[in-house]
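Okay, here's what each chain looks like letter by letter:
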Amino acid sequence: MALSLSNFLLPLLMLLQHGLVANAATVTFDWNITWVTTNPDGMADRPTIGINGQWPLPALNLTKGDRVIVNAYNGLGNQSTSLHFHGMFQNGTNEMDGPVGVNQCGIPPGSTMVYNFTLDQSGTYWYHSHQRGQYPDGLRGTLVINDPENPYAGEFDEEVTFSLSDWYHDQMPGLMKEFISYKNPTGAEPVPNSALMNDTQNFTVSIEPGKTYLFHVINYGAFAGQYFWIEDHTMEIVEVDGVFTEKAAADMIYLTTAQRVSFLLTAKNSSSTNFAMVGSMDTDLFDTIPSTLNPNVTGWLVYDKSSDLPTPALVDEFDPYDDFNLVPTDGMELYENVDYQVQLDLKMDNLGDGANYAFFNDVSYVSPKVPTLYTVMTSGASASSVGIYGSNTNAFVLGKDEVIEIVLNNDDAGKHPFHLHGHNFQAVVRSDEDAGFYDADNHTAFPAMPMRRDTFMVRPNGNFVVRFKADNPGVWLFHCHIEWHMDSGLVATMIEAPLELQKTLTIPQNHFDVCKAAGVPTTGNAAGNTEDLLDLSGENKSPAPLPAGFTARGIVALVFSCVSAFLGMAVISWYGAAPLRSKTVIAAKRRISQAGVVVEDK
Amino acid sequence: MAPNVFAVPVFFICFRECLETSIIVSVLLAFLKQTLGPEQDPKIYKRLVKQVWWGVGLGLLICLAIGGGMIGAFYAYGIDHFSNTEDIWEGVFGIIASIIITIMGAALLRVSKLQDKWRVKLAQALEAKDTKKGKATTRFKRWCEKYAMFLLPFITVLREGLEAVVFIGGVSLSFPATSFPLAVICGLAAGAAVGYLIYRGGNTASLQIFLIGSTCFLYLVAAGLFSKAIWYFENNAWNKIVGGDSSEVGSGPGSYDIRKSVWHVNCCNPELNGGGGWGIFNAIFGWTNSATYGSVLGYNFYWITVMVGFFLMRYKEANGHLPFMKAKGKPEDATMSETSSEHGGIFSETDLEKKTDAHQPTTTTAVREIEG
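Remember, predicted model here, so these are calculated numbers, not experimental data.

Rules behind the numbers
- Residues numbered from 1 in each chain as written.
- Chains lettered and ligands numbered in written order.
- Predicted model: local features only at pLDDT ≥ 70, side-chain atom pairs only at ≥ 80, totals over all residues.
- Heavy atoms only, no water.
- Pairing = 2+ DSSP bridges.
- Helix = DSSP H or I, 4+ residues; strand = E, 2+ residues; numbered from the N terminus.
- Axes fitted to C-alpha atoms, helices over the stretch in contact; angles between N-to-C directions.
- Contact = heavy atoms within 4.5 Å.
- Patch = residues over 30% accessible without salt bridge, like charges linked within 9 Å, V, L, I, M, F, W, Y side chains within 5 Å.
- Areas by Shrake-Rupley, 256 points an atom, 1.4 Å probe, with all protein chains shown as cover.
- Salt bridge = Lys/Arg side-chain N within 4 Å of Asp/Glu carboxyl O.
- Lys, Arg positive; Asp, Glu negative; His and termini not counted.
- Charge placed at Lys NZ, Arg CZ, Asp CG, Glu CD.
- Buried < 20%, exposed > 50% of the residue type's maximum accessible area, 1.4 Å probe, protein only.
- Phe/Tyr/Trp six-rings, centres within 6.5 Å; stacked < 30°, edge-to-face > 60°.
- Lys NZ or Arg CZ within 6 Å of the ring centre and 35° of its normal.

1. So, the sheet that holds strand β12 (residues 212–219) of chain A
All names here are of chain A.
Consideration 1: The strand order β10-β9-β12-β17-β14-β15 describes an open sheet built from 6 strands, whose pairing is mixed. Strands at the two margins of the open sheet, each flanked by one partner only, are β10 (194–197) and β15 (243–250). Taken pair by pair, the neighbouring strands of this sheet meet at an average axis angle of 25°, ignoring direction.
Consideration 2: Two strands pair when backbone bridges link them, and strand β9 (residues 158–167) and β12 are joined in this way by 7 bridges, in the parallel orientation. Paired with E159 across the bridge in β12 is L214.

2. As for the environment of M252 of chain A
Residue and element names in this part refer to chain A.
Consideration 1: Note that M252 resides in the loop between β15 and β16 (253–255).
Consideration 2: Sequence separation between M252 and M235 is 17 residues; the distance between their C-alpha atoms is 7.9 Å.
Consideration 3: Residues contacting M252, with those up to four places away along its chain left out, are Y227, F228, W229, M235, E317, F318, D319, P320 and Y321.

3. Points about unusual backbone geometry
Residue and element names in this part refer to chain A.
Consideration 1: Cis geometry is adopted by the peptide bond preceding P56, which originates at W55 and carries an omega value of 0°.
Consideration 2: The topology assignment puts P56 in the loop between β2 (46–51) and β3 (60–63).
Consideration 3: Positioned with a positive phi, N394 is a non-glycine residue whose angle comes to about 50°.
Consideration 4: Structurally, the position occupied by N394 is in the loop between α3 (372–377) and β22 (395–398).
Consideration 5: Notably, D401 is not glycine yet its phi reads approximately 65°, a positive angle.
Consideration 6: On the secondary structure map, D401 appears in the loop between β22 and β23 (403–410).

4. Observations regarding a negative patch on the surface
Residue and element names in this part refer to chain A.
Consideration 1: Judged by side-chain charge, D251, D316, E317 and D319 come together as a negatively charged surface patch.
Consideration 2: Assignment of secondary structure puts D251 in the loop between β15 and β16.
Consideration 3: On the basis of relative accessible area, D251 is assigned to the exposed category, the value being 56%.

5. Concerning the packing of aromatic side chains
Residues and elements named next belong to chain A.
Consideration 1: Tallied over the full model, the rule gives 42 aromatic pairs over all chains.
Consideration 2: Geometrically, the ring pair formed by F360 and F418 is tilted, given 5.7 Å between the ring centres and 35° between the ring planes. Here F360 is found in strand β21 (residues 356–360), whereas its partner F418 is found in strand β24 (residues 416–420), with 58 residues between them in sequence.
Consideration 3: Members of the aromatic cluster, each reached through a chain of ring pairs, are F324, F360, F418, F425, F456, F464 and F478.
Consideration 4: The cationic tip of K347 hangs over the ring face of F359; the distance from NZ or CZ to the ring centre is 5.3 Å.
Consideration 5: The ring of F446 carries R467 above its face, with NZ or CZ at 4.8 Å from the centroid.

Any link to function would need more than the numbers given here.
Set out below in structure tokens:
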């Protein structure tokens, strides 16, 4: 599939539609979210979530300042849904952020939710369902926001946008059931069936010699991070997650799920050969690597249509560019003085149902009965007290304009990409593998101008420290962007300036209508209690922990076993000590005589 | 650091496996010595002792051959036949062994109550050639009786030996080869020493007290085996569910099926790394750190069955018939004694009782004696 012109036509059409206005436009999308059958890797047909009967989903190419209105109709019939525009700060429009159970209710089949917000940022983003475990079934698409004031404007001739992704042949609800199950006590995540580039496996980009291209690459997979490289070409990174950076030359880039990168690529001056570009799934994450799995996907820079598409060469090792070293072009300096520190200790463990869950500070996230934003809006002065948000939501109340530091300690042997809604954060520390927990008295020097992005990876058994300013009132999730871990509870809720939020935010009636159709309460605390907001009785909770040792049941069983052993031995002794009756002797005699042995009876 | 010449887990594995075997072997040998001692009937005594040692030797030989084959297959083809089938054969052997120990234990205890001369005669009767051709099942039973002293040690050694091979195979990768010989020898020696002590104890104590004590001990082992056999079958099912060897995750969550768990402590695992003292505890009392409904019920029902069995035996000895069953009437007696004469067996309670049920023993016996 050639990079279709539609990527360029769409914004062009929009521009035409809106009279080529350079200033703020309103862009309206009427989306019918439905099931379509797809087969992007040529291996298996499967039901996939499409928009208006199409999949891959529309590639959005908008302009900073645009107002976006999405009328999202759920035509799935069998699942609720939602839309989250990943990386958007949604400043002043927290209710449009999309996470179900946090900022809205799931849109039930047959309902429409209107998302209406302004694009105040530029760069590379994406949109996806934020309904439990849903987007890997197809509901994810690219979003690039152009900026007339892009610091690199004029340095490139054309833009190319495409995605990397893992791909499953089975649907998420079934996979999720197998994943969070007593049958999977080690919490082994389902391994993808293949890797995709631009939602296909034969992606090509037409390249004209001598031109410079701005590539936007988005990993919108469910699970696998991907290494990405282009043979014989150097990539100059200029943006990550919507933050422009000083140019950084890279031969290989690593993108976790949900991360994005833009880089400048200067075409060779003349070439009659074509070049492979490779996405390679990070198999460190996989519990097992099936022999049938090809973890790589190849696309090509096509200089000459008549030439072959070469097979990529094997690489000796994966040595990607370390995004920690990037420097933002806006020169924003390190937040020196931290007002509030949130420490999150990550672990994986089993609960009383035998399944494996993910925990922050020993709490595995469970959605509250009332979406957290609605609790903020209906709790008056109590909104500042963290106790009303439930005991399984890992809630933190952040004060307005405070500098927040999140310390993430990874007590797990896996890599985890963490995403914060509503912000990008300064990456202050990222430890090596196996460094253990963060020690505030002994750490690497903080960078003066830290790299910022909205999704950042922690290394196995390592830690990271990020900082941001709580200048965006709202309820924002902080979670692992591996969909499996998100759904096994690796989520925290940042409730930022709740009293300010009550004053400034108005939730449109449409959102309450959706909740009504879904039968979800919209007032009260996490448990839906409106009288005593600190009363959490009836709230959603995770399964009970595994018993630590002997329970009453175990003690009874052990005592019974001991008693029966002693009784049994008593009976044996009693029998052994009792004299034999003559009748038995007679029987023995007979047995002897039958064998023909002579008995001399004295 | 001193070179590692002593692999502790290997020692414990050898010790516990040898311990179970030597308990059974020494009880049998002490029993033979006390009942048939050289002064009673040296010929038969010798023959039966030989049977015991043949059982030990042959069991050892076979398990060495199978163990060697398995290790060879592992290194030659990388096929790990151990872990795939281990639970199944552990379970099957466990049940067989516990049944044999149970029957033998009851039989030995019963025989010990007979006067000396009767015991000798019984032993002679077992050795004697069968003059009558009975039904196949009867002949099989007779054969089992005759070679019981062979069968029990044979099965025991086979099971324990294979278990040792598998367990040692499981921990062997983490130790250098030099750490093996001393640990194996010490383990076997320690197990054999305990066995020898039991044997000596058995020869000095009165036969009845020794047999009561050792039967209790044997039944403890058998109850543990029975319970563990059920546990192994369940573990096999669990491994199938999780799609791998659940012991890979140690003693922690995921090593057991939460739905069937009665108790589970994340320690004291008798299976991991030889099990240490918990392995010994498991060998003698059937301890497990992860009890299931099946294994607990199995353990208790085993004892209940044993108790009921001994009550019934005693009741029959005292009353001549089972509780709630009238002594059989005269007309049936004739046919009963006819058929039972084909069955008879000292280790078979029912047959023994059938004969006592026939209320005209003296005359019949007399007649048969003449016939013989």
